Amino acid sequence: MTYPYASAQAQPALAVTPPSGAARPRLTFLGTGYLGATYAICFAELGYEVLGVDVDEPKISKLQAGAVPFHEPGLDELLRRNIAAGRLRFTTDYREAAEFGDVHFICVGTPQRADGMGADLGYVESSVISLVPHLTRKALIVGKSTVPVGTAEWIEQLVSKHAPADLGIEVAWSPEFLQEGHALEDVLRPNRLILGVKSQWAHDMLMTAHKGVFDLAHNEDREVPVVVTDFATAELVKVAANAFLATKISFINAMAEVCDAAGADVTQLAKSIGYDARIGNKFLRAGIGFGGGCLPKDIRAFQARAQELGAGEALRFLHEVDLINQRSRGRVVQIASELLARPYGPAGPDFSGLHIAVLGATFKPNSDDVRDSPALAITRSLARHGAQISIFDPQGMENAKRELPDMTYAPSLNDAVTGADLVCVLTEWEEFRYADPNALGDLVAAKLVIDGRNCLDQALWTAAGWTVRGLGRPSA
Ligand code: UGA
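The text that follows walks through the structure, step by step, so that each part is easy to find. Here the structure is a predicted model, which means the values were calculated and not measured.

1. Description of the pairing of strand β6 (residues 170-173)
Burial of the side chains of β6 extends over both faces: E170 and A172 are buried on one face and V171 and W173 on the other. Strand direction decides the pairing type here: strand β5 (residues 140-143) and β6, joined by 4 bridges, are parallel. Bridged to I141 within β6 is V171. Handedness of the crossover is the feature at issue here: the chain leaves β5, passes through helix α6 (residues 151-162), returns alongside β6, and the resulting connection is right-handed.

Okay, here's the thing in structure tokens:
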């Protein structure tokens, strides 16, 4: 099939009148989790009238009251400011959303299916069929969630089945690339926009819905590259990008394994190869690997979908990427067994009677997200081998307690390490990176630290009398 509007360059947006008759398109964001809430708040900040929609009443009440239900630097302030300005509202009522919006962004979660590696599209389906029967005029439905290729076409079918006839509802796909902890910047100043469209109207409406992004870029003398393409490519861009990032991390973690075997230092290796602009120095931090709500499940869903399409062989390397990532998590337990002189038998080491301090619970710093967190997976494993754990995280304690209720949660970094036989740094929060090793040395039972993120200044820690073990680095 050819797409007349698919081209490497965006066409200049024609003046397109929003179906509601408003001066600028009115936007709804369906799903107010991490993605939808952040987009809703940021697009209100860009001057749009915005409605955030979710079936989760407590979440909506919280947002209405001006509180972001997760930790994202800077977002609370923008939420309150835009509610006060009257541009931003939240609702659980899809009828209200249909009445209000010109462009409806699907931002619901697509978790891994309980029965396999594929993505669960249940929330996508219910958001579409909750919305479209209530539509009374033309509208554009835009997918942002990370989905298996082919989903946009399927949504078109859902729309034609459930929407009132003759309204001319259209579908488009525009994936998002926001990183937790950096989300405001990523939404307000995206490094690219991908528009999967089938008509000039969808193209123009989507460009108009992003005019605030272009205006901000213009004021700051920046360009926002736009790629206009077909549905399948737009859907694939997202999963391909995440697959590449996951591969880059597993590549450097594989090098860390080789460095460990050869007595080399992966941090210097990464720095050295990163000077080559073709390789680049980003996403080459070796350690306990990637986690979170995106990369792990996205590479699995991508493999599952490729298999369904008959292209499974092409993505077999992603299985290896996943295995390397799992092995990286296992390294901390192996190193702990060496440092604590508890041999690694067939059932793993026996850490009973030992106190291990875990610093970090979230999957990365500046977030409270513990989904598929390497830090928590390792904590679970250390505890399973008999260690008495005390854990501290600057933002992730509440979520971690829900995941691992049986651990001891320390109120501070100092409390966590007091009396510890071993300290494990598993999330590179600044509070841990820049902690004073001399002061901490006075609190612990033994000055042994595993730097699971290779984020500590080894020279400083060894000067303070610590034995430091990183991943892929000679012991110091
Ligand atoms: C990721 C992508 O980076 C975003 O572009 C994408 O939009 C998002 O998923 C998504 O699909 O919504 P995010 O999950 O917020 O964003 O986290 P990343 O910053 O990618 O980090 C993922 C994991 O990789 C973390 O556990 C981090 O600690 C780990 N990581 C990252 C490394 O182990 N080494 C590195 O060099 C970089």
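2. A few points about the packing of helix α10 (residues 231-262) against helix α11 (residues 266-274)
For the pair α10 and α11, interaxial distance at closest approach is 9 Å and the crossing angle is 135 degrees. Put simply, α10 runs oblique to α11. Here α10 runs over α11; the crossing is right-handed. Contacts between α10 and α11 involve F251, I252, M255, A256 and C259 from the former and V266, L269, A270 and I273 from the latter. Of the residues in the contact of α10 with α11, the class split is 9 nonpolar, no polar and no charged.

3. Re the site of the ligand
The environment of the ligand is formed by 21 residues, the closest being E180, N242, R285, F363 and K364. Contact distances for the ligand include 2.8 Å between an oxygen atom and a side-chain N or O atom of N242. One of the backbone nitrogen or oxygen atoms of R285 is found 2.8 Å away from an oxygen atom of the ligand. Within the complex, the protein chains bury 95% of what would otherwise be the 710 Å² of accessible surface of the ligand. Mapped by element, the contributors of at least two residues to the shell around the ligand are α10 and α12 (295-308). Per-class residue counts for the shell around the ligand are 10 nonpolar, 4 polar and 7 charged.

4. A look at the environment of F70
In this structure, F70 sits in the loop between α2 (57-64) and α3 (75-84). With 53 residues separating them in the primary sequence, F70 and Y123 have C-alpha atoms 20 Å apart. Discounting chain neighbours no more than four positions away, the residues touching F70 are G33, Y34, A37, T38, L75 and D368.

5. Considerations on the nonpolar core
Core analysis: the biggest nonpolar cluster contains 53 residues, and F351, I356, L382, L422, V423, I450 and W466 have the highest contact counts within it. Broken down by secondary-structure element, the contributors of at least two residues to this core are α13 (316-339), β9 (355-359), α14 (374-384), β10 (388-392), α15 (397-403), α16 (413-417), β12 (422-425) and β13 (448-451). Considering every element that reaches this core, the biggest residue donor is α13, with 5 residues. Residues within four places of I450 in sequence aside, it is in contact with V332, I335, A336, L339, L422, V423, C424, V425, R469 and L471. Judged by nonpolar contacts, the second largest core, of 50 residues, contains V68, L78, F105 and L140.

6. Details of the sheet that holds strand β11 (residues 408-409)
The strand order across the open sheet built from 6 strands is β11-β10-β9-β12-β13-β14, with neighbouring strands paired in parallel fashion. Every interior strand has two partners, whereas the edge strands, β11 and β14 (467-469), have only one. Pairing analysis gives 2 bridges linking β10 to β11, with the strands arranged parallel. Following the sheet pairing, I391 is matched in β11 by Y409. Contacts from α13 reach β12, β13 and β14, with the element oriented near 160 degrees to β13. In the packing of α14 onto the sheet, the strands contacted are β9, β10 and β12, and the crossing angle to β10 comes to about 160 degrees.

Calculation notes
- Residues numbered from 1 in each chain as written.
- Predicted model: local features only at pLDDT ≥ 70, side-chain atom pairs only at ≥ 80, totals over all residues.
- Heavy atoms only, no water.
- Buried < 20%, exposed > 50% of the residue type's maximum accessible area, 1.4 Å probe, protein only.
- Helix = DSSP H or I, 4+ residues; strand = E, 2+ residues; numbered from the N terminus.
- Pairing = 2+ DSSP bridges.
- Right-handed = clockwise from strand over helix to strand, strands pointing away.
- Axes fitted to C-alpha atoms, helices over the stretch in contact; angles between N-to-C directions.
- Parallel < 35°, antiparallel > 145°, perpendicular 65-115°, else oblique.
- Left-handed = near helix turned anticlockwise from the far one by under 90°.
- Contact = heavy atoms within 4.5 Å.
- Nonpolar A, V, L, I, M, F, W, Y, C, P; charged D, E, K, R; others polar.
- Near = heavy atom within 4 Å.
- Polar contact = N/O pair within 3.5 Å; in protein donor to acceptor, adjacent residues only side chain to side chain.
- Areas by Shrake-Rupley, 256 points an atom, 1.4 Å probe, with all protein chains shown as cover.
- Core = buried A, V, L, I, M, F, W, Y, C linked by side-chain atoms within 4.5 Å.

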